[in-house]
Amino acid sequence: MYNDEQIVMTPTKRSQNHTTVMMERLKISELDQNNVIHSGGGDHKGIVIFKEPRAGKGTPKPPELVLGFKVVLKSSSSNRHEQENWQLKFWFKNVQDQEKIENAESFLTELISCGERPRDSVAFIKKILKLMQLNYPVIQKVEVEMKKQEEIKITPPSPATSVEAKITSSKLTADQEKVLDIIEAVYPNSLSVANIAKSSNISEEATQEHLMALQARGLVKCLSNGNYMRTTKNDTDVKMVKQMPMVAQSKQPVIAIITAQYCEKLAVDSMIDNKETFVKFKTEGESNVYTLGNIGPHRVVSTKLPATGMARGAMIAAGSTTTRLLGSFPRVDYVFLVGVGGGVPHCYDYTKHVRLGDVVVSTPPDNQHSYVYLYCEALKNAFDAEENDFLSPEHISIKTWCPISLKLQNIACNLWRKGILDLSDRPWENFIEEGLQQLNDKETAFCRPPPDTDKIYCMSVEGGDLVDVGHPQPMEGGFDPRKPGMPVLHFGAVGSGKILMQDDTKRLAFADHHGIMSFDTGFGSVVESIFGNRKDDYVFIRGISDYKDGTKKKDWQPYAALAAASVMKSIICNLDV
């Protein structure tokens, strides 16, 4: 901590069952000595307690990150255990988003699992103050909200494993993975060494070394113009062409499948029989990849978008690629948008709770919401809005889409109904197993990650009074549609919007208000192209790989993509010929 800074604690709300405390970093010159009721000395020097919140602060800025968890603490007065819902709201100094996430995760981990564990709320507050003072200079402010729940009877847990470090083992170095991710993201386009170096913040010399290592592993190839492109173990089956060859009328696809990530394309292609892959390559401009083949009795074509997201360039590229796809194959009647997404957790409602590895099929949420996809854009004053006012039209702009026909959605719903009545009648589970066999020789591991990696950002410690939030459990004696290690199908809208990714609380409130079950990285221009090309039947299928927008947990992405592709194949196989 800087010598001219103090960590100031201010109680902002205090009642029997609800307490909110603000801890912020202030310069000594900003302290109102008339408001100071305590200044720490000795080991606690630099920690100050205010009597009341500072006046004249203006409209508060929304928190940049919100993390919540439950604790069960032993009351010193009653000697009984009481459950509390805790929420930590973070504000940071001017640092990158990834650094904010890493600091918040590390902060919470250290708060509840390192050193002497706090046994009551006072000890928690003290530890937060010391962590801010000594270990986390980039954290500007933390607000702690504590709400007591009902008194419960509980036996303190026996010693258990502490928080597991998020360490992903890989044969590639971190920089090699970064370079490979950049090349995969733009596939089927290629990139120059200079562009890769710029995107990865690695020197050109080091980038060249990483590319040579990746090339030696057969993961990338160098083209005649010096650019690098992703390759596969079966790259000889991929035909590089300047123009797509003529496709006979009998082999024209009637189904188009659109993916965005490289692992999504691999997963979808594992569902296709008798496939041929063509890369319509351009040294300048956008290249296109098309895989033609059969799924059941139907001819299909799959493609991968060269870019997605809310950036203007990515939206234009994604929309243009979709338009070229539908223009190249005019007999397409059905469009599937298949890939990963972020799930919307419902920690208190097991029936709605979306978990990693589950699959969301885009359907209208209810009779009042006639859309399957929604894009939210912030207006100029959105960031100044109070949490309760954030959903109002004066703060956000919303655009929605819904296909004229819900034929694909109805097939998916009927499949799930059958799967509930007969747990063995779930064809997507067989397709997952078949896909795993098909993808066994690929560089990416598509098997399902261990269940203990599915966490809604909460952790447990070794014994003591702290309890892991965990996932909601089915009611005792009630029907449970979930089979261990297999996906559950959910139905509702899919949404996107950059502003929604910036605040967990607002995103979940928005999802609840609009019936959204999953978020992705932004496919507005894609669905707009589908609508513009007058395709009446389309569906989003999102395998859940994290609890944000599908980009945060790379270890779950391959399996989530495979689960989504398996549901896609189940729907296609039940389509009329």
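Remember, predicted model here, so these are calculated numbers, not experimental data.

Rules of the game
Residues numbered from 1 in each chain as written. Predicted model: local features only at pLDDT ≥ 70, side-chain atom pairs only at ≥ 80, totals over all residues. Heavy atoms only, no water. Helix = DSSP H or I, 4+ residues; strand = E, 2+ residues; numbered from the N terminus. Buried < 20%, exposed > 50% of the residue type's maximum accessible area, 1.4 Å probe, protein only. Polar contact = N/O pair within 3.5 Å; in protein donor to acceptor, adjacent residues only side chain to side chain. Contact = heavy atoms within 4.5 Å. Salt bridge = Lys/Arg side-chain N within 4 Å of Asp/Glu carboxyl O. Pairing = 2+ DSSP bridges. Axes fitted to C-alpha atoms, helices over the stretch in contact; angles between N-to-C directions. Parallel < 35°, antiparallel > 145°, perpendicular 65-115°, else oblique. Left-handed = near helix turned anticlockwise from the far one by under 90°. Nonpolar A, V, L, I, M, F, W, Y, C, P; charged D, E, K, R; others polar. Expected span 1.5 Å × (residues − 1). Arc of directions from axis to C-beta. Core = buried A, V, L, I, M, F, W, Y, C linked by side-chain atoms within 4.5 Å. Domains from an automatic or database assignment.

## Focus: the side chain of S518
Among the structural elements, S518 can be located in strand β20 (residues 516-519). Assessed through its relative accessible area of 0%, S518 is described here as buried. Within the structure, the side chain of S518 is placed 3.0 Å from the backbone oxygen of G342, a separation counted as a polar contact. Setting aside residues no more than four positions away along its own chain, S518 makes contact with G341, G342, V344, V360, A493, V494, G495, R542 and I544.

## As for the pattern of salt bridges
Summed over the entire model, instances satisfying the criterion amount to 15 salt bridges. We note a salt bridge from E64 to K100, for which the minimum N-O separation is 2.4 Å. One end of the pair, E64, is in the loop between β4 (47-50) and β5 (65-74); the other, K100, is in helix α1 (residues 97-113), and 36 residues separate them in sequence. The buried category is assigned to E64, whose relative accessible area is 17%.

## Focus: the pairing of strand β17 (residues 373-378)
As judged from the six bridges shared by β17 and strand β18 (residues 396-401), these two strands associate in the antiparallel manner. Bridged to L374 within β18 is T400. Across three bridges, the pairing between β17 and strand β19 (residues 489-496) is parallel. Residue pairing for β19: Y375 is matched across the bridge by S496.

## Focus: the packing of helix α9 (residues 427-438) against helix α12 (residues 557-573)
Pairs of packed helices are described in terms of their axes, by the angle between the two and the distance that separates them. Following both chains from N to C, one finds α9 and α12 inclined at 125 degrees, their axes separated by 8 Å at the closest point. Classified by the interaxial angle, the pair formed by α9 and α12 is oblique. Seen along the crossing, α9 lies across α12 with a hand that is right-handed. Between α9 and α12, the residues in contact are P427, W428, F431, I432, E434, G435 and L436 and Y559, L562, A563, S566, V567, K569, S570 and C573, respectively. Of the residues that constitute the contact of α9 with α12, the class distribution is 10 nonpolar, three polar and two charged.

## Side note on α9
The α-helix advances 3.6 residues per turn, and as a result positions three or four apart in sequence lie on the same side. The first and last C-alpha atoms of α9 sit 17 Å apart over 12 residues, in line with the 16 Å expected at 1.5 Å per residue. Within the sequence span of α9, burial applies to W428, E429, F431, I432 and G435. Each buried residue of α9 sits inside an arc of 160 degrees when the element is viewed along its axis, so together they form one side. Residues of α9 that are buried sit in contact with α8 (407-421), β19 and α12.

## Digging into the nonpolar core
Core analysis: the biggest nonpolar cluster contains 88 residues, and I255, I257, F329, F336, I541, M568 and I571 have the highest contact counts within it. Counting residues per element, this core draws most heavily on α12, which supplies 11 residues. The two domains that each donate at least three residues to this core are domain 2 (174-230) and domain 3 (312-574). Every residue in contact with I571, bar those within four places of it in the chain, is listed here: F336, L408, I411, A412, L415 and I541.

## What to know about the packing of helix α7 (residues 312-328) against helix α11 (residues 524-532)
Where α7 contacts α11, the axes come no closer than 8 Å and their chain directions differ by 30 degrees. The angle between the axes of α7 and α11 places the two elements in the roughly parallel class. Of the two possible hands of crossing, α7 and α11 adopt the one that is right-handed. In contact with M315, A318, G319, T322, T323 and L326 of α7, α11 contributes S525, V526, S529 and I530. Residue classes in the contact of α7 with α11 are distributed as five nonpolar, five polar and no charged.

The analysis is restricted to geometry; functional conclusions fall outside its scope.
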